[in-house]
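Each chain, written out:
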Amino acid sequence: VLNPTPPAAWYDHLAVLQAQTGDLPGAVQNLRLSLTIDPKDAGTEDNLGTILCETGQAQEGFGHLRKAISMAPDFPDPHNHLGWELAKTSRFDEAIDELQKAIALRPGSVEYRVNLGYVLAIRGDFAGAVPVFQKAVELSDGKDWRCLDMLASAYSHLGRSDNAVDAEQQALNLAIEHHDEALEKHLRTNLEHYEHGTAKAQAN
(Lines give C-alpha, C1' and ligand atoms only; values in the text may rest on other atoms or scores of the structure.)
Protein backbone atom coordinates (compact mmCIF):
# COMPACT_ATOMS: atom_id res chain seq x y z
CA VAL A 1 0.00 0.00 0.00
CA LEU A 2 1.38 3.40 -0.98
CA ASN A 3 2.00 5.78 1.89
CA PRO A 4 -0.57 8.60 1.52
CA THR A 5 1.80 10.97 3.32
CA PRO A 6 5.31 10.34 1.98
CA PRO A 7 8.25 11.32 4.20
CA ALA A 8 10.29 14.45 3.55
CA ALA A 9 13.10 12.37 2.03
CA TRP A 10 10.77 11.22 -0.74
CA TYR A 11 10.25 14.82 -1.88
CA ASP A 12 13.99 15.48 -1.54
CA HIS A 13 14.88 12.58 -3.83
CA LEU A 14 12.24 13.61 -6.36
CA ALA A 15 13.53 17.19 -6.31
CA VAL A 16 17.09 16.02 -6.99
CA LEU A 17 15.89 14.01 -9.99
CA GLN A 18 13.89 16.98 -11.27
CA ALA A 19 16.87 19.30 -10.92
CA GLN A 20 19.09 16.84 -12.80
CA THR A 21 16.59 16.75 -15.69
CA GLY A 22 16.21 20.53 -15.79
CA ASP A 23 12.83 20.84 -14.08
CA LEU A 24 13.97 23.47 -11.59
CA PRO A 25 10.47 24.85 -10.82
CA GLY A 26 9.31 21.32 -10.00
CA ALA A 27 12.36 20.79 -7.80
CA VAL A 28 11.63 24.02 -5.91
CA GLN A 29 8.02 22.95 -5.35
CA ASN A 30 9.02 19.58 -3.91
CA LEU A 31 11.77 21.02 -1.73
CA ARG A 32 9.22 23.41 -0.26
CA LEU A 33 6.92 20.46 0.42
CA SER A 34 9.77 18.60 2.08
CA LEU A 35 10.40 21.53 4.41
CA THR A 36 6.76 21.62 5.46
CA ILE A 37 7.23 18.05 6.69
CA ASP A 38 10.74 18.44 8.11
CA PRO A 39 11.59 22.14 8.62
CA LYS A 40 14.86 21.31 10.36
CA ASP A 41 16.70 19.73 7.41
CA ALA A 42 19.70 21.93 6.58
CA GLY A 43 20.45 19.92 3.44
CA THR A 44 17.01 20.67 2.03
CA GLU A 45 17.40 24.36 2.88
CA ASP A 46 20.76 24.31 1.08
CA ASN A 47 19.31 22.65 -2.02
CA LEU A 48 16.33 24.99 -2.12
CA GLY A 49 18.50 28.07 -1.70
CA THR A 50 20.88 26.97 -4.44
CA ILE A 51 18.12 26.23 -6.95
CA LEU A 52 16.28 29.46 -6.19
CA CYS A 53 19.48 31.36 -6.96
CA GLU A 54 19.84 29.44 -10.22
CA THR A 55 16.29 30.41 -11.21
CA GLY A 56 16.87 34.12 -10.64
CA GLN A 57 15.39 34.32 -7.15
CA ALA A 58 18.67 35.19 -5.50
CA GLN A 59 17.44 37.14 -2.49
CA GLU A 60 15.11 34.37 -1.36
CA GLY A 61 17.83 31.86 -2.18
CA PHE A 62 20.34 33.70 -0.01
CA GLY A 63 17.85 33.52 2.85
CA HIS A 64 17.55 29.74 2.62
CA LEU A 65 21.32 29.29 2.32
CA ARG A 66 21.92 31.46 5.38
CA LYS A 67 19.24 29.52 7.24
CA ALA A 68 21.01 26.26 6.35
CA ILE A 69 24.23 27.71 7.76
CA SER A 70 22.53 28.79 10.97
CA MET A 71 20.96 25.35 11.36
CA ALA A 72 24.19 23.45 10.72
CA PRO A 73 27.25 25.72 11.16
CA ASP A 74 29.66 22.84 10.47
CA PHE A 75 27.98 21.88 7.16
CA PRO A 76 30.34 23.23 4.45
CA ASP A 77 28.13 23.01 1.35
CA PRO A 78 25.88 26.00 2.17
CA HIS A 79 28.96 28.18 2.69
CA ASN A 80 30.28 27.07 -0.70
CA HIS A 81 26.96 27.60 -2.47
CA LEU A 82 26.33 30.96 -0.80
CA GLY A 83 29.84 32.11 -1.65
CA TRP A 84 29.45 31.13 -5.29
CA GLU A 85 26.06 32.81 -5.62
CA LEU A 86 27.26 35.98 -3.87
CA ALA A 87 30.13 36.17 -6.36
CA LYS A 88 27.61 36.14 -9.21
CA THR A 89 26.18 39.37 -7.79
CA SER A 90 29.69 40.89 -7.46
CA ARG A 91 29.63 40.73 -3.66
CA PHE A 92 33.18 39.46 -3.71
CA ASP A 93 34.27 40.17 -0.13
CA GLU A 94 31.31 38.23 1.26
CA ALA A 95 31.80 35.49 -1.33
CA ILE A 96 35.46 35.01 -0.46
CA ASP A 97 34.63 34.88 3.25
CA GLU A 98 32.02 32.15 2.73
CA LEU A 99 34.27 30.11 0.45
CA GLN A 100 37.11 30.31 2.96
CA LYS A 101 34.73 29.05 5.64
CA ALA A 102 33.76 26.13 3.40
CA ILE A 103 37.43 25.24 2.88
CA ALA A 104 38.14 25.45 6.61
CA LEU A 105 35.34 22.93 7.20
CA ARG A 106 36.40 20.62 4.34
CA PRO A 107 40.08 21.24 3.55
CA GLY A 108 40.28 18.36 1.08
CA SER A 109 37.68 19.72 -1.34
CA VAL A 110 39.03 20.50 -4.79
CA GLU A 111 35.72 22.11 -5.80
CA TYR A 112 35.77 24.64 -2.97
CA ARG A 113 39.33 25.72 -3.79
CA VAL A 114 38.57 26.01 -7.51
CA ASN A 115 35.60 28.23 -6.66
CA LEU A 116 37.66 30.41 -4.32
CA GLY A 117 40.50 30.71 -6.80
CA TYR A 118 38.07 31.62 -9.57
CA VAL A 119 36.45 34.37 -7.47
CA LEU A 120 39.86 35.77 -6.50
CA ALA A 121 40.87 35.79 -10.17
CA ILE A 122 37.62 37.47 -11.26
CA ARG A 123 38.32 40.13 -8.65
CA GLY A 124 41.80 40.61 -10.12
CA ASP A 125 43.72 39.06 -7.22
CA PHE A 126 45.81 36.68 -9.32
CA ALA A 127 48.60 36.57 -6.75
CA GLY A 128 46.07 35.32 -4.22
CA ALA A 129 44.52 32.89 -6.70
CA VAL A 130 47.78 31.11 -7.59
CA PRO A 131 48.37 29.31 -4.26
CA VAL A 132 44.68 28.36 -4.11
CA PHE A 133 44.84 26.76 -7.55
CA GLN A 134 48.20 25.16 -6.72
CA LYS A 135 46.62 23.47 -3.71
CA ALA A 136 43.68 22.34 -5.86
CA VAL A 137 46.13 20.77 -8.32
CA GLU A 138 47.88 19.03 -5.42
CA LEU A 139 44.61 17.74 -3.94
CA SER A 140 43.51 16.40 -7.32
CA ASP A 141 46.88 14.69 -7.88
CA GLY A 142 47.24 16.75 -11.04
CA LYS A 143 44.30 14.92 -12.63
CA ASP A 144 41.80 17.82 -12.89
CA TRP A 145 42.30 19.86 -16.05
CA ARG A 146 40.22 22.75 -14.67
CA CYS A 147 42.67 23.35 -11.83
CA LEU A 148 45.63 23.33 -14.20
CA ASP A 149 43.91 25.53 -16.79
CA MET A 150 42.90 28.12 -14.19
CA LEU A 151 46.36 28.02 -12.62
CA ALA A 152 47.89 28.65 -16.03
CA SER A 153 45.61 31.65 -16.55
CA ALA A 154 46.55 33.12 -13.17
CA TYR A 155 50.25 32.62 -13.92
CA SER A 156 49.80 34.35 -17.28
CA HIS A 157 48.14 37.39 -15.71
CA LEU A 158 51.14 37.69 -13.37
CA GLY A 159 53.54 37.58 -16.32
CA ARG A 160 54.79 34.09 -15.40
CA SER A 161 54.54 32.75 -18.94
CA ASP A 162 56.86 29.76 -18.42
CA ASN A 163 54.76 28.54 -15.49
CA ALA A 164 51.60 29.13 -17.52
CA VAL A 165 52.95 27.00 -20.37
CA ASP A 166 53.89 24.17 -18.00
CA ALA A 167 50.47 24.11 -16.29
CA GLU A 168 48.53 24.35 -19.56
CA GLN A 169 50.60 21.57 -21.11
CA GLN A 170 49.64 19.32 -18.20
CA ALA A 171 45.97 20.21 -18.71
CA LEU A 172 46.28 19.49 -22.44
CA ASN A 173 47.91 16.12 -21.73
CA LEU A 174 44.87 15.15 -19.66
CA ALA A 175 42.50 16.09 -22.49
CA ILE A 176 44.54 14.02 -24.94
CA GLU A 177 44.59 11.11 -22.49
CA HIS A 178 40.79 11.21 -22.24
CA HIS A 179 40.30 11.62 -26.00
CA ASP A 180 38.31 14.84 -25.50
CA GLU A 181 38.87 16.51 -28.85
CA ALA A 182 36.82 19.65 -28.15
CA LEU A 183 38.61 20.27 -24.87
CA GLU A 184 41.94 19.47 -26.47
CA LYS A 185 41.34 22.13 -29.14
CA HIS A 186 40.39 24.72 -26.50
CA LEU A 187 43.41 24.00 -24.31
CA ARG A 188 45.78 23.93 -27.25
CA THR A 189 44.64 27.43 -28.19
CA ASN A 190 45.37 28.58 -24.64
CA LEU A 191 48.77 26.91 -24.72
CA GLU A 192 49.71 28.65 -27.96
CA HIS A 193 48.74 31.97 -26.37
CA TYR A 194 50.97 31.34 -23.36
CA GLU A 195 53.83 30.13 -25.58
CA HIS A 196 53.54 33.38 -27.53
CA GLY A 197 53.85 35.25 -24.25
CA THR A 198 57.00 33.32 -23.39
CA ALA A 199 58.52 33.98 -26.80
CA LYS A 200 57.69 37.67 -26.50
CA ALA A 201 59.30 37.87 -23.07
CA GLN A 202 62.45 36.16 -24.32
CA ALA A 203 62.64 38.54 -27.29
CA ASN A 204 62.57 41.51 -24.95
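Cut-offs and rules
- Residue positions are given per chain, counted from 1 along the sequence in the order it is written.
- Totals for whole chains, interfaces and linings use all residues, but because this is a predicted model, local features are given only for residues with pLDDT of at least 70 and pairs of side-chain atoms are given and counted only at 80 or more.
- Neither water nor hydrogens contribute to the side-chain values; these are computed over all heavy atoms in the structure.
- Runs of H or I in DSSP of at least four residues are treated as helices and runs of E of at least two as strands, each being numbered from the N terminus.
- Note on classification: 1.4 Å probe, protein chains only; a residue is buried when its accessible area is under 20% of the maximum for its type, exposed when over 50%, partly exposed between these limits.
- Note on contacts: a residue pair qualifies if any of its non-hydrogen atoms lie within 4.5 Å across the two residues.
- Per-residue and other accessible areas were derived by the Shrake-Rupley procedure at a 1.4 Å probe size, with only the shown protein chains allowed to occlude residues.
- Charged-residue counts in this description rest on Lys and Arg as positive and Asp and Glu as negative, His and the chain ends being excluded.
- Charge placement uses NZ in Lys and CZ in Arg. For Asp and Glu, CG and CD serve respectively.
- To estimate how far a helix should extend, the number of its residues minus one is multiplied by 1.5 Å.
- Throughout this description, the term salt bridge denotes a Lys or Arg side-chain nitrogen within 4 Å of a carboxyl oxygen of Asp or Glu.
- Aromatic pairs are defined between Phe, Tyr and Trp rings, using the six-membered ring for Trp, whenever the two ring centres lie within 6.5 Å; interplanar angles under 30 degrees are classed as stacked, those over 60 as edge-to-face, and all others as tilted.

### Looking at the overall build of the protein
Move 1: For the protein, the count of helices and strands is 11 helices and zero strands.
Move 2: Its helices and strands in sequence order give the protein the pattern α-α-α-α-α-α-α-α-α-α-α, from N to C terminus.
Move 3: Dimensions of the protein, computed from C-alpha atoms along their principal axes, come out at roughly 75 × 35 × 30 Å.
Move 4: The proportion of buried residues among the 204 residues of the protein is 44%.
Move 5: Contacts spanning at least 24 positions in sequence make up 45% of the contacts within the protein whose residues lie at least 6 apart.
Move 6: Taken as a whole, the protein presents about 11,000 Å² of accessible surface, with 53% of it coming from carbon and sulfur.
Move 7: Of the charged side chains in the protein, 17 are positive and 30 negative, and the gap between their average positions amounts to 4 Å.

### Digging into helix α8 (residues 126–139)
Move 1: Between the first and last C-alpha of α8 there are 20 Å, a value that for 14 residues agrees with the 20 Å anticipated at 1.5 Å per step.
Move 2: Turning to α8, its buried residues number three or more, namely Phe126, Gly128, Ala129, Val130, Val132, Phe133, Ala136 and Val137.
Move 3: Contacts from the buried residues of α8 go to α7 (110–122) and α9 (145–157).
Move 4: Looking one or two places after α8, you find Asp141, whose phi comes out positive at around 55°.

### Digging into the pattern of salt bridges
Move 1: Applying the stated criterion across every chain, the model contains 11 salt bridges.
Move 2: Arg91 is the partner of Glu94 in a salt bridge, and the nearest nitrogen-oxygen pair spans 3.0 Å.
Move 3: Look at Glu94 and you get partly exposed, because its relative accessible area is 34%.
Move 4: Arg91 gets classed as partly exposed once you look at its relative accessible area, which sits at 28%.
Move 5: Each of Arg66, Arg91 and Glu94 takes part in a single network of salt bridges with overlapping partners.

### Focus: the packing of aromatic side chains
Move 1: Taken as a whole and judged by the stated rule, the model has two aromatic pairs.
Move 2: For the pair Trp10 and Tyr11, a centre-to-centre distance of 5.1 Å together with 85° between the ring planes defines the contact as edge-to-face.
Move 3: According to the relative accessible area criterion, Tyr11 is buried, its value standing at 15%.
Move 4: Ring geometry for Trp84 versus Tyr118: centroids 5.6 Å apart, planes at 45°, classification tilted. In this pair, Trp84 is assigned in helix α5 (residues 76–88) and Tyr118 in helix α7, connecting sequence segments 34 residues apart.
Move 5: Accessibility expressed as a relative area gives 28% for Trp84, which makes it partly exposed.

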